[in-house]
Amino acid sequence: MVSFLAHEWGRTMRVLIVTTFPSAESGGGMGRVAHELAGAMAQAHEVLLLCPGKDTAALELSLPGRLRVVRVAAPGEGDVVLPDLRVERRLRAVLGAFDPDVVHAQDFGILALWTQDWARLTGRPFLATLHCLPSRAAAFTSAEKTAFARLMGRSPLFRAFIGLFLQRCDGVIALNRAMEGDLRRFGYRGPIFRVPNGRDLRTYQSLSFADPREPEKRLLFVGAFARRKNQGYLLEVLRHLRVPARLELIGGALEPGYLAEVEEKIRALGLTNVEIAGPVPYAEIPRRLERAHLFLSASRLEVQSLAVIEALASGTPVVGLSNETIDELVDDGVGKRLPPGASPEDFAREVERICTLPPEDYLRMCRAARERVRSLSWESVVEQTTRVYQELVASSARRRRAPLWSPWLVSASAVRYSLREFARPPRTRRLSRTPRRA
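Note that the structure is predicted; figures quoted are calculated from it, not measured.

J.: Residue-level account of the overall build of the chain, with values.
T.: Helix and strand counts for the chain come out as 16 helices and 14 strands. Relative to its full complement of 438 residues, the chain shows a buried share of 53%. A fraction of 69% describes how many contacts in the chain between residues 6 or more apart in sequence connect residues 24 or more apart. As displayed, the chain has an accessible area near 20,000 Å², and 54% of this comes from carbon and sulfur atoms.

Here it is, written out as structure tokens:
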């Protein structure tokens, strides 16, 4: 049984945070923000993080603040996780013991659906933060899915599902103006609270600026290899550059086929000044940013890119094609924002312009970049999010409502995992998978 710290109303709140991703290293920015938010909120509140894991377990972590983690077994590969909800009885007991004041989901995955039902059954306010635009949710996943998955992502049923999930929220956090506008255009009419992503700015603000006197300029992009990220465009930019420069591309292969296309394009263009570093440990990113003179982005679609925020926080100017993040954070003071249809040659001219600025002008731009994201610290985001929680809790009492998702999810989980168990060789089967009662 999990032990919980005493709750004193007015000083702390009890917050249940829910995510589809088992760790900060999974799911890209969505997973990282969810896990980091839980740790940041635990500096001021009691937090229970619900996420998938290898085995169903309740763990007390030795972290600053008051953070507990409950993991629901979800065996699977990569980011595709289907939690085993046969432990529903135990899960209800743990959540009941924690007794959260508010439930905050970071996506509309299976655990979020289940906890949305639980919140409505128990009268708790349910808040969601979406890290993808609801009108284009399918575009934020791999474009190399199966034909059936692509068809389902574009189907009216998927859109209806997202709409129903939003309708059953007591509020939604929008990361920026672009997300708020998309939510309204999508048809959501409930409360919207604008709170940005947070970052540990101290890590980046302590970095040195790149030396503008170095003859060869270091260019950097951080992001998974996917058509949406558009790394191939940056290769065309590199081909048009007239200053000595070297481009480093950091990121895993969300779409392996696209990574192969990028590699083939490098060979076809005869580029020798580009390096595909692949996925590097997250702790290495600040050091790479410290050496970079410019951060380049040709992404076609972003909501609020952590990579761009971190680049600016490090004092690295950003040159990018217009998208939701670039439009929000980048202008001539911190780099350059180009229209989405800008040619690689036009992009290259802007890169050259910044690379050849007088040192004092370049360093002034670096300082302005760091200042641009000063408000996106975790301390500020925790304060803003706390106000949202308090407003939801203080609103009128909520009626308890019947569940919608959980009966189907629990039944489907029972069938899936029973079949999976049956398919095991006899020697590896467990005698019973019936979860013990709490």
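Having seen it, we continue.
J.: Pulling in residues and values, what's your account of helix α3 (residues 110-122)?
T.: In an α-helix, one full turn covers 3.6 residues, which means residues spaced three or four apart are oriented alike. With 13 residues, α3 should reach 18 Å at 1.5 Å per residue; the first-to-last C-alpha distance of 19 Å fits that figure. In terms of residue burial, α3 counts as a mostly covered element, since eleven of its 13 residues are buried. Taken together, the buried positions of α3 are occupied by Leu 111, Ala 112, Leu 113, Trp 114, Thr 115, Gln 116, Asp 117, Trp 118, Ala 119, Arg 120 and Thr 122. Looking one or two residues past α3, Gly 123 carries a phi angle of roughly 80°, positive in sign.

J.: Which residues make up the side chain of Asn 323, and what values do they have?
T.: By the secondary structure assignment, Asn 323 is in the loop between β13 (318-321) and α12 (324-329). According to the relative accessible area criterion, Asn 323 is buried, its value standing at 4%. Looking at Asn 323, its side chain comes within polar contact range of the main-chain nitrogen of Thr 325, at 2.9 Å. At 2.9 Å, the side chain of Asn 323 and the backbone nitrogen of Ile 326 are in polar contact. Apart from residues lying up to four places away in sequence, Asn 323 is in contact with Ser 297, Ser 299, Arg 300, Leu 301 and Glu 302.

J.: Help me get a handle on empty space enclosed by the protein, residues and values and all.
T.: All told, the structure shown has five cavities of 30 Å³ or more when counted by the stated rule. Each pocket or cavity is described by its volume, and for the largest cavity that value is around 90 Å³. For the lining of the largest cavity, the secondary-structure elements that each account for two or more residues are α1 (28-41) and α15 (378-394). Looking at the lining of the largest cavity element by element, the count peaks at three residues for α15. Class assignment of the residues belonging to the lining of the largest cavity gives a composition of eight nonpolar, seven polar and no charged.

J.: Can you explain the packing of aromatic side chains? Please cite residues and give values.
T.: Under the counting rule described, the total for this entry stands at eight aromatic pairs. Ring centres of Phe 108 and Phe 161 lie 5.7 Å apart, and the angle between their planes is 80°; this geometry places the pair in the edge-to-face category. One end of the pair, Phe 108, is in the loop between β5 (102-105) and α3; the other, Phe 161, is in helix α5 (residues 156-167), with 53 residues separating them in the sequence. Classification of Phe 108 as buried rests on a relative accessible area of 16%. Taken together, the aromatic side chains of Phe 108, Phe 126, Phe 158, Phe 161, Phe 165 and Trp 405 make up a single cluster linked through ring pairs.

J.: Lay out unusual backbone geometry in plain terms, naming residues and giving numbers.
T.: Within the chain, Asp 99 stands out as a residue other than glycine whose phi angle is a positive 55°. For Asp 99, the position within the fold is in the loop between α2 (88-98) and β5. Positive phi is not limited to glycine here, since Asn 230 has a value of about 65°. Tracing the backbone shows Asn 230 in the loop between β9 (217-222) and α8 (231-240). Exposure remark for Asn 230: the relative accessible area of 8% places this residue in the buried category.

J.: Can you break down the nonpolar core residue by residue, with the values?
T.: As a rule of thumb, nonpolar side chains are buried together in soluble globular proteins. Of all hydrophobic cores here, the largest spans 60 residues; its most connected members are Leu 219, Leu 234, Leu 247, Phe 295, Leu 296, Phe 347 and Val 351. Apart from residues no more than four positions distant in its own chain, Leu 296 is found in contact with Leu 219, Leu 220, Phe 221, Leu 234, Leu 247, Val 319, Phe 347 and Val 351.

J.: So, the pattern of salt bridges: which residues are in play, and what are the values?
T.: As enumerated under the stated definition, the model contains 36 salt bridges in all. For Arg 194, the salt bridge goes to Glu 180, with nearest N and O atoms at 2.8 Å. With Arg 194 in strand β8 (residues 192-194) and Glu 180 in helix α6 (residues 177-186), this pair connects stretches of sequence that are 14 residues apart. Lys 265 is the salt-bridge partner of Glu 236, the closest N and O atoms lying 3.2 Å from each other. Taken together, the residues span a long stretch of sequence, with Glu 236 in helix α8 and Lys 265 in helix α9 (residues 256-269) at a distance of 29 residues. You can call Lys 265 partly exposed: its relative accessible area is 27%. Members of the salt-bridge network, linked through shared partners, are Glu 25, Arg 32, Glu 36, Arg 199 and Glu 310.

J.: Mind laying out the packing of α2 against α3, listing which residues take part and the relevant values?
T.: Axis separation between α2 and α3 bottoms out at 12 Å; the angle between their running directions is 55°. Between α2 and α3, the interaxial angle falls into the category oblique. With respect to the hand of their crossing, α2 and α3 are arranged in right-handed fashion. Residue-level inspection shows Glu 88, Leu 91, Arg 92, Leu 95 and Gly 96 of α2 in contact with α3, the latter providing Trp 114, Trp 118 and Leu 121.

J.: Describe the pairing of strand β4 (residues 66-73), listing the residues and the values that go with them.
T.: Burial analysis of β4 places six of its eight residues in the buried class, the great majority of the element. Bridging between strand β2 (residues 46-53) and β4 involves eight bridges; their strand directions are parallel. Paired with Gly 53 across the strands is Ala 73, a residue of β4.

What counts and how
Residues numbered from 1 in each chain as written. Predicted model: local features only at pLDDT ≥ 70, side-chain atom pairs only at ≥ 80, totals over all residues. Heavy atoms only, no water. Helix = DSSP H or I, 4+ residues; strand = E, 2+ residues; numbered from the N terminus. Buried < 20%, exposed > 50% of the residue type's maximum accessible area, 1.4 Å probe, protein only. Contact = heavy atoms within 4.5 Å. Areas by Shrake-Rupley, 256 points an atom, 1.4 Å probe, with all protein chains shown as cover. Expected span 1.5 Å × (residues − 1). Polar contact = N/O pair within 3.5 Å; in protein donor to acceptor, adjacent residues only side chain to side chain. 1 Å grid on protein atoms, 1.4 Å probe; cavity = no way out; pocket = protein on both sides within 12 Å on 5 of 7 lines; lining within 4 Å. Points joined across faces, edges and corners; volume = space filled by probe spheres on them. Nonpolar A, V, L, I, M, F, W, Y, C, P; charged D, E, K, R; others polar. Phe/Tyr/Trp six-rings, centres within 6.5 Å; stacked < 30°, edge-to-face > 60°. Core = buried A, V, L, I, M, F, W, Y, C linked by side-chain atoms within 4.5 Å. Salt bridge = Lys/Arg side-chain N within 4 Å of Asp/Glu carboxyl O. Axes fitted to C-alpha atoms, helices over the stretch in contact; angles between N-to-C directions. Parallel < 35°, antiparallel > 145°, perpendicular 65-115°, else oblique. Left-handed = near helix turned anticlockwise from the far one by under 90°. Pairing = 2+ DSSP bridges.

Shape is all these values report; function is a separate question.
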